[in-house]
There are 4 protein chains.
Amino acid sequence: MTVTIGVIGTGMIGRDHTRRIQQVLAGAKVVALSDYNPDSARAVQVDLAPEAKLYEKGEDLIAAEDVDAVLVCSTGSTHEAYVLAAIAAGKPCFCEKPLATTAEGALRIVDAEVAHGKRLVQVGFMRRYDAGYRLLKQAVDHEIGTPLMVHAAHRNPTVPEQYVTPMAIHDTLIHEIDVFRWLLDDDYVSAQVVFPRKSSHAHDRVADPQIVLLETAKGIRIDVEIFVNCRYGYDIQCQVVGEEGLVNLPDPMAVTLRKAARLQREILTDWKDRFIDSYDVELQDFVTAAAKGTAAGPTSWDGYVAAISSDACVEAQEKSGQIIPISLPDRPALYDKG
Amino acid sequence: MTVTIGVIGTGMIGRDHTRRIQQVLAGAKVVALSDYNPDSARAVQVDLAPEAKLYEKGEDLIAAEDVDAVLVCSTGSTHEAYVLAAIAAGKPCFCEKPLATTAEGALRIVDAEVAHGKRLVQVGFMRRYDAGYRLLKQAVDHEIGTPLMVHAAHRNPTVPEQYVTPMAIHDTLIHEIDVFRWLLDDDYVSAQVVFPRKSSHAHDRVADPQIVLLETAKGIRIDVEIFVNCRYGYDIQCQVVGEEGLVNLPDPMAVTLRKAARLQREILTDWKDRFIDSYDVELQDFVTAAAKGTAAGPTSWDGYVAAISSDACVEAQEKSGQIIPISLPDRPALYDKG
Amino acid sequence: MTVTIGVIGTGMIGRDHTRRIQQVLAGAKVVALSDYNPDSARAVQVDLAPEAKLYEKGEDLIAAEDVDAVLVCSTGSTHEAYVLAAIAAGKPCFCEKPLATTAEGALRIVDAEVAHGKRLVQVGFMRRYDAGYRLLKQAVDHEIGTPLMVHAAHRNPTVPEQYVTPMAIHDTLIHEIDVFRWLLDDDYVSAQVVFPRKSSHAHDRVADPQIVLLETAKGIRIDVEIFVNCRYGYDIQCQVVGEEGLVNLPDPMAVTLRKAARLQREILTDWKDRFIDSYDVELQDFVTAAAKGTAAGPTSWDGYVAAISSDACVEAQEKSGQIIPISLPDRPALYDKG
Amino acid sequence: MTVTIGVIGTGMIGRDHTRRIQQVLAGAKVVALSDYNPDSARAVQVDLAPEAKLYEKGEDLIAAEDVDAVLVCSTGSTHEAYVLAAIAAGKPCFCEKPLATTAEGALRIVDAEVAHGKRLVQVGFMRRYDAGYRLLKQAVDHEIGTPLMVHAAHRNPTVPEQYVTPMAIHDTLIHEIDVFRWLLDDDYVSAQVVFPRKSSHAHDRVADPQIVLLETAKGIRIDVEIFVNCRYGYDIQCQVVGEEGLVNLPDPMAVTLRKAARLQREILTDWKDRFIDSYDVELQDFVTAAAKGTAAGPTSWDGYVAAISSDACVEAQEKSGQIIPISLPDRPALYDKG
């Protein structure tokens, strides 16, 4: 069976997912495209999916009879409405992050999905599909004993002028917020942010670096350095310390050179290269579940918790040094693990 | 366009390639299956390709109108005949190694393909598709200056009783023989084999370890340790030394643990895990070229040269210490690089 | 010229320093020994310094005409009095940590030395003499740009029953407290301590692990994990992140093995092995300066600041989560850097 | 007891050993200096050993009553005579390599020492005292099972115009020749040399790189790459493969940097830095043994075997590709291991 896919939003990521479905993955094809800019949708049609139908409105694409499942890749503020429409239509829906621009919006999606009674939504937290994080999780689960601490870093070589302090949470830390919950099978209970000496390479509107300190329900302490003008590379580090030992996230594969008086390995500088392979695995997971009329991977609930947690981190930025509590409603049974 | 594939030989590798085409790769489907044991073909049909037709004879599968391209995964002694039949039918053909059981047989395939005038055959040397070797080649081409030496090792934890000394060449070194030619864009001119002190873990019928010394037309010197009872793991090492520096093949990705008084990383022990990802890339390359009616990747000529070179290495085993010359006919223009 | 040394306290460290002077270092000899237990001093005399004279009282050893310089290796509570006596006698004095058991005591030593007008005291912070830390400092000074953050860990495999929570500061963190000041040429302005989930391997009277968060006058943020029941080894980690890059303290030299399906390096488990070589360098520095009638290396002021800073960290343990300010008087000119 | 030392030859290495004895090591002092250039000896006296007496002739220094032991650091052609004189005088004698300029000369020293009946000579093979090689030997003896193969490399960034092909053996490989015998407790039975493609950075009079293949009495196969224009650094590599696993010589300690899109560690470029610490250990070993009137460490026999083995390697260079046998007389009982 081939799953027929409609793609809403044909910008960089929507185009790339279309290419993925058409040229890389098994079991699906793109049959419908929509973008607020019709030229963008048409260009993707021409380049990658000549048999796909174009829709002016995302809602019509969702409603189309020959569309089995939907990818929401449009601008963030439109996500909530499209995802709710997909749930209403009973169609599996992959939604790029954020699930909604507010925690309340994310909760409306959770409520709708719970009312529907079956999982239909996968949120685009791709790190859970990264080969390195999967090896890390295996070691956390089987090698190091009970986890007690996480030391992590999220470093970008540089950020554009429009990147301001809260984006360090909403656009950068958001990935750690989700992936640590998955890695540790745990939730946050508090957040604190401290600001080290500012890098002279950071522009005026961003405090950089920052250190976020998180505490989980099980008492695990997490420190994450966010440093978006680190100059040297795009570098994601994660060390989990357990009762019996510790484990590090592997660096991306690279050759080791001996050259020019240096033993050296390349460090990536473009974030797009870092998790490139995980998008394939992520979307294949969506296609496989959609073929059965449901969804797998990161849930609406995960999207909602990420929203709640990142709101607390932004408050912790504003009240630097203070410990901000994080509390969650009970998790609906729909999101219990098998 | 979807390429329709017929698979001849449905043992371990034929079954796995069928799964790959049906469940992992884009752009192809298996429509025909054949095995000298009909039950094997039927089982693969049931499990992976319910719409595929079964053929008693590989020749009939090759001739079938709805088969665009052929995978030859049957036992080695049957390869030559099937590949020649595919060429005769003008169909792209992926052939697992060896291309033929003798250099003469491989040359007959080369001649047939040259007579046909267009590439149709891809030989299953998957290492060229391995992410690590691709990074290595990039460094060899751009980072280390003119290559002068290669130091390599091919180690297995253990081998079964039926593994005898010449298999260290035909089954083990054969991968290095091909991949170094590709890595260095060069051919061999001589081979020498020396036998170190034998491991007490090696059984009677195999000399183990062995060291193979190869010289190339450009004067590059290669030493390869073959050690098939090394106990500790399945480990492929390759270091290329150039005029400006040197580079090592990366080890497979693994987490680093600190545990039990050891900084430690897992080493694979099963060869099947080592190049697992490269099979996907290899076969996608075949599908993409087959969609255009041709073949890419390792050629019949590469298969022929591998046969000639490994025959010389076996002679070098038999005359240990002696330097055995290797000579090749001129390469047909069909196999010139773009 | 040979510097004549008197050693007060002939327990484990006093005996070892005697051996060092007699058998390893150039330019000094032990001529006097004293211990509250005369049998201990006599045993060291017999084993290592047969020509040394025994003194019942440390004060008499200090006053002895043929003693050029003094090592204070006795129990901590006696340090202050012996060091003050050495200053009064105008003799160079090496004092194992702590310089005094209270910050006030340490300040009395500072005042006495300032009144004397010349440096006479070296405190036994040996990490500054460790080859790894010296390489680290070189990189901090020349390679990574302005330092912004330090991520560190001090891990012991296990601790005895008598090790209680504040000892994590006074006996464990004390080394980091000193070495970071030296590494960064900076002082602390605040401390915070948080307690992760407790390891099940920690006994009742010690909270373990702990995370200490320090802020410096220049705004550098430091996080130190203290984990004294980490099981896997004695492991000292330190990463300094600067504006242009980051650098890690090297692990102690070890061979890399490939064995038993693991790439592996030994991690030390006994703290005594970790900085063993640095004691030689430290004491040679003392001997060299003593030959000129003065002292080098870590100063009384460093000992005093370590006392003030660790007192604040203990308060931060008691008020977990709170940020405790640290303030220092002005540094006397005697302790300015050349 | 203080061992009184006379130093013959006060060039770079003689001056450095004098400094070592005077300023670094315990238990010895330089009381006599001699050089064919009296100004050189006087300068060392002034700078490092004001109480030492100057001798015009090395023979007189050896004969001097107040000289307990002798360091021979003069030019190679004079070594044999001085060492024979020291043996005749019954004085412990440390001789820089080569022990003699011919195998016959070295054998004369062996014979004289055997006739004397007690060890008096230590040859300056300092690698046996290197911390890295000692860790390697420990692993070879206890971790990897019976050794079967050694893969090694000796690389210099560049060599001066006067460095010609045979010097790759006598000046470069000589260290490997000695240290592998010690590492493996074995002797060589044959040598072969092959010449890879020549580096364009090598001048006319040196074939570079070279690969030396050695076989030992126990059947161990050793390959050593000698590459003295490798450009990137001074780099000594050694991997020993045993029946149970393999082990690598550690690289010198260095910090790991993340900087400029590279994970990087410095590689030394000056050979003088590589084994600098091992000279201290080597000479302390000499002093300790000399205090007992004898010698330790590398023996005259080791110096003789190194001469025989390197002569065979030079012959193997001249007859490239040919396997040259190496044979030794029986080892005198004086050189048996305890």
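Keep in mind the model is a prediction, meaning the values are calculated, not measured.

### Describing the sheet that holds strand β5 (residues 93–95) of chain D
Pairing between the strands of a sheet is mediated by backbone hydrogen bonds and can be parallel or antiparallel.
Residue and element names in this part refer to chain D.
Link 1 in the chain: The parallel open sheet is built from six strands, whose spatial order is β3-β2-β1-β4-β5-β6. Only two strands of the sheet have a single neighbouring strand rather than two, namely β3 (53–55) and β6 (121–123). Across the sheet, the mean angle separating the axes of adjacent strands is 25° when strand polarity is ignored.
Link 2 in the chain: When strand β4 (residues 69–72) meets β5, the two strands line up parallel, connected through three bridges. Residue pairing for β5: V70 is matched across the bridge by C93.
Link 3 in the chain: Strands β2 (28–34) and β3 of the sheet are contacted by helix α2 (residues 38–48), whose axis makes an angle of about 155° with β2.

### Some words on the interface of chain C and chain A
Link 1 in the chain: Taken together, the contacts link 40 residues of chain C with 40 residues of chain A.
Link 2 in the chain: Taken together, both faces of the contact between chain C and chain A bury some 2900 Å²; the carbon and sulfur share is 56%.
Link 3 in the chain: If you sort the residues of chain C by the area they bury against chain A, C:R197, C:R221 and C:E243 come out on top, with a joint share of 22%.
Link 4 in the chain: In this assembly, chain C and chain A are joined by two salt bridges.
Link 5 in the chain: Linking A:E244 and C:R231 is a salt bridge whose minimum nitrogen-to-oxygen distance equals 3.4 Å.
Link 6 in the chain: Joining chain C to chain A, the criterion identifies 13 residue pairs in polar contact (both at pLDDT 80 or more).
Link 7 in the chain: Put simply, the parts of the chain that give the side of chain C that touches chain A at least two residues each are β7 (147–155), β8 (188–194), β9 (210–216), β10 (221–227), β11 (235–242) and β12 (245–248) of chain C.

### Focus on the pairing of strand β11 (residues 235–242) of chain B
All names here are of chain B.
Link 1 in the chain: With eight of eight residues buried, β11 lies mostly within the body of the structure.
Link 2 in the chain: The sheet contact formed by strand β7 (residues 147–155) and β11 spans eight bridges and is antiparallel. Each bridged residue has a counterpart across the sheet, and for H151 the counterpart in β11 is Q239.
Link 3 in the chain: Pairing analysis gives three bridges linking β11 to strand β12 (residues 245–248), with the strands arranged antiparallel. Along β12, the bridge assignment pairs V241 with L246.
Link 4 in the chain: Where β11 folds back onto β12 in an antiparallel hairpin, the turn is made up of two residues.

### A short note on the interface of chain D and chain B
Link 1 in the chain: Contact residues are listed per partner, giving 40 residues for chain D and 40 residues for chain B.
Link 2 in the chain: Summed over both sides, the interface of chain D with chain B buries roughly 2900 Å², with 56% coming from carbon and sulfur.
Link 3 in the chain: Looking only at chain D, the three residues that lose the most surface to chain B are D:R197, D:R221 and D:E243, adding up to 23% of its buried area.
Link 4 in the chain: Where chain D touches chain B, the interface holds 13 residue pairs in polar contact (both at pLDDT 80 or more).
Link 5 in the chain: Listed by contribution, the elements that provide at least two residues to the side of chain D that touches chain B are β7 (147–155), β8 (188–194), β9 (210–216), β10 (221–227), β11 (235–242) and β12 (245–248) of chain D.
Link 6 in the chain: The element best represented in the side of chain D that touches chain B is β7(D), accounting for five residues.

### Quick word on the pattern of salt bridges
Link 1 in the chain: With the rule as written, the count across this model stands at 92 salt bridges over all chains.
Link 2 in the chain: For A:R331, the salt bridge is made with A:D336, and the minimal N-O distance between the two is 3.6 Å.
Link 3 in the chain: Its relative accessible area of 45% is what places A:D336 among the partly exposed residues.
Link 4 in the chain: When the shortest N-O distance is used, the salt bridge between B:D141 and B:K137 registers 3.6 Å. Of this pair, B:D141 and B:K137 both sit in helix α6 (residues 131–142), separated by four residues, roughly a single helical turn.
Link 5 in the chain: For B:K137, a relative accessible area of 17% translates into the label buried.

### Looking at the relation of the copies chain C and chain A
Between the two chain copies there is a screw-like relation: a rotation about an axis and a shift along it.
Link 1 in the chain: For the pair chain C and chain A, the relating rotation is 180°, the translation along its axis is 0.0 Å, and the fit reaches an RMSD of 0.0 Å. Both copies are brought into coincidence by an operation consistent with a two-fold rotation axis.
Link 2 in the chain: A share of 100% of interface residues in chain C that are also interface residues in chain A marks the association as one of identical surfaces.

### Some thoughts on unusual backbone geometry
Link 1 in the chain: A cis amide bond links C:D208 with the next residue in sequence, C:P209, at an omega value of 0°.
Link 2 in the chain: Residue position: C:P209 is located in the loop between β8 and β9.
Link 3 in the chain: Even without a glycine there, the phi angle at A:A260 is positive, about 50°.
Link 4 in the chain: Within the element layout of this structure, A:A260 appears in the loop between β13 (256–259) and β14 (262–266).
Link 5 in the chain: Judged by its relative accessible area of 57%, A:A260 falls in the exposed class.
Link 6 in the chain: Even without being a glycine, D:A261 presents a positive backbone phi close to 60°.
Link 7 in the chain: Position of D:A261 among the secondary structure elements: in the loop between β13 (256–259) and β14 (262–266).

### Quick look at the domain arrangement of chain A
Residues and elements named next belong to chain A.
Link 1 in the chain: Considered domain by domain, chain A is made up of domain 1 (3–127 + 277–298) and domain 2 (130–269 + 305–335).
Link 2 in the chain: Distance from the C-alpha centre of domain 1 to the C-alpha centre of domain 2: 27 Å.
Link 3 in the chain: Counting residues at the interface gives 13 residues for domain 1, matched by 20 residues for domain 2.
Link 4 in the chain: With both chains or domains summed, domain 1 and domain 2 bury close to 1400 Å², and 66% of this area falls on carbon and sulfur atoms.

### Details of the environment of C:Q138
All names here are of chain C.
Link 1 in the chain: Mapping Q138 onto the fold places it in helix α6 (residues 131–142).
Link 2 in the chain: We classify Q138 as partly exposed; its relative accessible area is 48%.
Link 3 in the chain: Taking the C-alpha atoms as reference points, Q138 and V164, 26 residues apart in sequence, are found 35 Å from one another.

### Examining the relation of the copies chain D and chain B
Link 1 in the chain: For these two chains of identical sequence, chain D goes onto chain B by a turn of 180° and a shift of 0.0 Å along the axis, with RMSD 0.0 Å.
Link 2 in the chain: A share of 100% of the interface residues of chain D reappears at the interface of chain B, consistent with the copies meeting face to face through the same patch.

### Points about the UniProt feature "domain: Gfo/Idh/MocA-like oxidoreductase N-terminal" (unreviewed entry) in chain A
Link 1 in the chain: Sequence positions flagged by UniProt for "domain: Gfo/Idh/MocA-like oxidoreductase N-terminal" (unreviewed entry) are, in local numbering, residues 4–125 of chain A.
Link 2 in the chain: Annotated as residues 4–125 of chain A, this span is 44% helix and 20% strand, and its ends, taken at the C-alpha atoms, are 22 Å apart.

### A few points about the side chain of B:R258
Link 1 in the chain: Take B:R258: it is sitting in strand β13 (residues 256–259).
Link 2 in the chain: A distance of 3.0 Å separates a polar atom in the side chain of B:R258 from a polar atom in the side chain of C:D235.
Link 3 in the chain: Separated by 2.8 Å, the side chains of B:R258 and C:D251 make a polar contact.
Link 4 in the chain: With sequence-adjacent residues up to four places away left out, B:R258 is seen in contact with A:G245, A:L246, B:L263, C:Y232, C:D235, C:Q237, C:D251 and C:I267.

### Concerning helix α9 (residues 276–290) of chain A
Link 1 in the chain: Between the first and last C-alpha of α9(A) there are 22 Å, a value that for 15 residues agrees with the 21 Å anticipated at 1.5 Å per step.
Link 2 in the chain: Looking only at α9(A), the buried set comprises A:S278, A:Y279, A:E282, A:L283, A:Q284, A:F286, A:V287, A:A289 and A:A290.

### With respect to the environment of C:G9
All names here are of chain C.
Link 1 in the chain: Summarising the element assignment, G9 is placed in the loop between β1 (3–8) and α1 (12–24).
Link 2 in the chain: Given a relative accessible area of 4%, G9 falls into the buried group.
Link 3 in the chain: Measuring from C-alpha to C-alpha, the distance between G9 and Y36 comes to 7.3 Å, with 27 residues separating the pair along the chain.
Link 4 in the chain: Those residues in contact with G9 that lie beyond four places of it in its chain are G14, S34, D35, C73 and S74.

### What about the packing of helix α7 (residues 167–184) of chain C against helix α10 (residues 300–318) of chain C?
All names here are of chain C.
Link 1 in the chain: Taken N-terminus to C-terminus, the directions of α7 and α10 make an angle of 125°; their axes are 9 Å apart at the nearest point. It follows from the interaxial angle that α7 and α10 lie oblique. In the packing of α7 onto α10, the handedness of the crossing is right-handed. For the pair α7 and α10, the contacting residues are A168, I169, H170, L173, I174, I177, D178 and R181 in the first and W301, D302, V305, A306, S309, S310, D311, C313, V314 and Q317 in the second.
Link 2 in the chain: Tallied by class, the residues present in the contact of α7 with α10 amount to ten nonpolar, four polar and four charged.

### A closer look at the state of the cysteines
Link 1 in the chain: Inspection of every chain in the model, using the stated rule, returns zero disulfides over all chains.
Link 2 in the chain: B:C230 carries a free sulfur, and the closest cysteine sulfur to it, the one in B:C238, is 17 Å from it.

### What to know about the packing of helix α1 (residues 12–24) of chain B against helix α9 (residues 276–290) of chain B
Residues and elements named next belong to chain B.
Link 1 in the chain: Direction vectors running N to C along α1 and α9 enclose 65°, while the axes themselves pass 11 Å from each other. When the axes of α1 and α9 are compared, the pair comes out roughly perpendicular. As α1 packs across α9, the resulting crossing turns out to be right-handed. Contact residues: α1 offers I13, H17, R20, I21 and V24, while α9 offers I276, Y279, D280, E282 and L283.
Link 2 in the chain: Here the contact of α1 with α9 is composed, by residue class, of six nonpolar, one polar and three charged.

Calculation notes
Residues numbered from 1 in each chain as written. Chains lettered and ligands numbered in written order. Predicted model: local features only at pLDDT ≥ 70, side-chain atom pairs only at ≥ 80, totals over all residues. Heavy atoms only, no water. Pairing = 2+ DSSP bridges. Helix = DSSP H or I, 4+ residues; strand = E, 2+ residues; numbered from the N terminus. Axes fitted to C-alpha atoms, helices over the stretch in contact; angles between N-to-C directions. Contact = heavy atoms within 4.5 Å. Buried area = accessible area lost by both parts, 1.4 Å probe. Salt bridge = Lys/Arg side-chain N within 4 Å of Asp/Glu carboxyl O. Polar contact = N/O pair within 3.5 Å; in protein donor to acceptor, adjacent residues only side chain to side chain. Buried < 20%, exposed > 50% of the residue type's maximum accessible area, 1.4 Å probe, protein only. Least-squares fit on C-alpha atoms with pLDDT ≥ 70 in both. Domains from an automatic or database assignment. UniProt positions renumbered as here; feature names shortened; annotations may be inferred. Expected span 1.5 Å × (residues − 1). Parallel < 35°, antiparallel > 145°, perpendicular 65-115°, else oblique. Left-handed = near helix turned anticlockwise from the far one by under 90°. Nonpolar A, V, L, I, M, F, W, Y, C, P; charged D, E, K, R; others polar. Disulfide = S-S within 2.5 Å.

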